[in-house]
Amino acid sequence: LKFKIMANETQKVIEERKVKALEKIANSLDALTLWFEEIDKEEWGPRMEWYLSLWKDKYIDGEK
């Protein structure tokens, strides 16, 4: 019984850590989204295209 209680507490701690990690990820994505919406897209157009192309080559096309 004692082991079962400890396992439940450990599981609860792990779940709380998962939630905190997901919240941090969500906050980072939100900040990135806000930054992306605020940049001067006319000026950054070619530069962003180049960065997105590098990202696509590395993470999308590189998986094949």
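See the structure shown above.
Everything numeric in this text was worked out from a predicted model, so none of it was measured.

It is worth spelling out the overall build of the protein chain at this point. The secondary structure content of the protein chain amounts to 2 helices and 0 strands. Relative to its length of 64 residues, the protein chain is extended, with a C-alpha radius of gyration of 20 Å against a globular reference of 11 Å. Taken over the C-alpha atoms alone, the protein chain extends approximately 65 × 35 × 5 Å along its principal axes. Classification of the 64 residues of the protein chain by burial places 3% in the buried group. By element, 61% of the accessible surface of the protein chain is carried by carbon and sulfur atoms, the whole surface being about 6,400 Å². Considering the protein chain, the positive charge centre built from 12 side chains and the negative charge centre built from 14 side chains are found 13 Å apart.

As a further point, take the packing of aromatic side chains. Summed over the entire model, instances satisfying the criterion amount to 3 aromatic pairs. Considering the side-chain rings of tryptophan 35 and phenylalanine 36, the 6.4 Å spacing of their centres and the 50° angle between planes classify their relative orientation as tilted. Residues tryptophan 55 and tyrosine 59 carry aromatic rings whose centres are separated by 6.2 Å and whose planes lie at 45° to one another, so their mutual orientation is tilted. Separated by 4 residues within a single helix, tryptophan 55 and tyrosine 59 lie in helix H2 (residues 41-60), roughly one turn from each other. The exposure class of tryptophan 55 is partly exposed, given its relative accessible area of 47%.

For the rest of this paragraph, the subject is a nonpolar patch on the surface. On the surface, a cluster of nonpolar side chains totalling about 600 Å² of accessible area is made up of Leu22, Ile25, Leu29, Leu32, Trp35 and Phe36. By secondary structure assignment, the location of leucine 32 is in helix H1 (residues 2-38).

The rules behind these values
- Residue numbers restart at each chain and count upward from 1, following the sequence in its written direction.
- Given that the model is predicted, a residue must reach a pLDDT of at least 70 before its local features are reported, and side-chain atom pairs must reach 80 or more before they are shown or counted; all residues, however, enter totals for whole chains, interfaces and linings.
- Side-chain measures were taken over the full set of non-hydrogen atoms in the model, leaving aside hydrogen atoms and water.
- Secondary structure elements follow DSSP: runs of H or I of four or more residues count as helices, runs of E of two or more count as strands, with numbering from the N terminus.
- Only C-alpha atoms enter the radius of gyration; for comparison, a globular chain is expected to reach 2.2 Å times N to the power 0.38, where N is the number of residues.
- For the exposure calls, accessible area comes from a 1.4 Å probe over protein chains only, and a residue counts as buried if that area is under 20% of its type's maximum, exposed if over 50%, partly exposed in between.
- Each accessible area value is a Shrake-Rupley result obtained with a 1.4 Å probe; residue values ignore everything except the protein chains displayed when judging cover.
- Residues counted as positive are Lys and Arg, residues counted as negative are Asp and Glu, and His and the chain ends are not counted.
- For the purpose of locating charges, the reference atoms are NZ of Lys, CZ of Arg, CG of Asp and CD of Glu.
- Stacked, edge-to-face and tilted labels apply to pairs of Phe, Tyr and Trp rings (six-membered ring for Trp) whose centres lie within 6.5 Å, assigned for plane angles under 30 degrees, over 60, and everything in between, in that order.
- Residues with no salt bridge and a relative accessible area higher than 30% make up the patches, which join like charges within 9 Å and nonpolar side chains (Val, Leu, Ile, Met, Phe, Trp, Tyr) within 5 Å.
- Only one rule defines a salt bridge in this text: a Lys or Arg side-chain nitrogen within 4 Å of an Asp or Glu carboxyl oxygen.

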